[in-house]
Amino acid sequence: IRERYQAWRALPAQEQVRIQAAAAQLATMPDEQQRAWRAQFDAMDRSDRRGWLFGPTLGADYAVLQPLLAQVPEAEHAGLLRTLRSMTPQQRRELGVLAQRTPPGARAELRRELVSVSAQERGDWLWRRLQH
């Protein structure tokens with residue numbers, strides 16, 4: 001419960017609004033449909049379910065970003081999430097490809113580079129990294 005509460009508090013306000021709207025919509029659905037959606041969520045891999053704690057934006061991309069998000073030091077966590085949330089969906093998909101290609105021992109350096117690149121330069125940076 002504490003983990004979910006902390007994750008909720010860490011979400012940007014717009015993500016919280018989206019989740020509240022989705023929860024309100026879910027509450028109006030027939031019980032059978034609610035149970036079906038819950039069963040679908042429960043059938044997901046535990047890691048993927050935890051990814052949704054990052055909110056709807058990053059939760060949708062968590063499966064491809066998971067290698068990059070695994071074992072992030074606490075001091076780097078907020079900056080990385082802020083950077084990921086500022087990226088376009090296409091950039092997050094490209095980053096996911098890059099994260100998959102990057103050996104585990106080099107992912108910390110990839111994260112540091114990602115956070116240090118300006119939003120204006122990020123697309124070019126991703127393109128260059130994907131070409132290597």
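Look above for the structure.
Residues numbered from 1 in each chain as written. Predicted model: local features only at pLDDT ≥ 70, side-chain atom pairs only at ≥ 80, totals over all residues. Heavy atoms only, no water.

A separate point is the pattern of salt bridges. Oppositely charged side chains can form a pair if their charged atoms are brought close together. The full count for this structure, using the stated rule, is 7 salt bridges. For aspartate 61, the salt bridge goes to arginine 92, with nearest N and O atoms at 2.5 Å. Here aspartate 61, found in helix α5 (residues 55–69), pairs with arginine 92, found in helix α7 (residues 89–101); they are 31 residues apart in sequence, far enough to count as distant. The class of aspartate 61 is buried, set by a relative accessible area of 11%. One salt bridge in this structure joins arginine 111 and glutamate 76, with 3.9 Å as the shortest N-O distance. Placement of arginine 111 in helix α8 (residues 107–116) and of glutamate 76 in helix α6 (residues 74–86) is noted, with a sequence separation of 35 residues between them. On the accessibility criterion, arginine 111 (6% relative accessible area) is buried. (Salt bridge = Lys/Arg side-chain N within 4 Å of Asp/Glu carboxyl O. Helix = DSSP H or I, 4+ residues; strand = E, 2+ residues; numbered from the N terminus. Buried < 20%, exposed > 50% of the residue type's maximum accessible area, 1.4 Å probe, protein only.)

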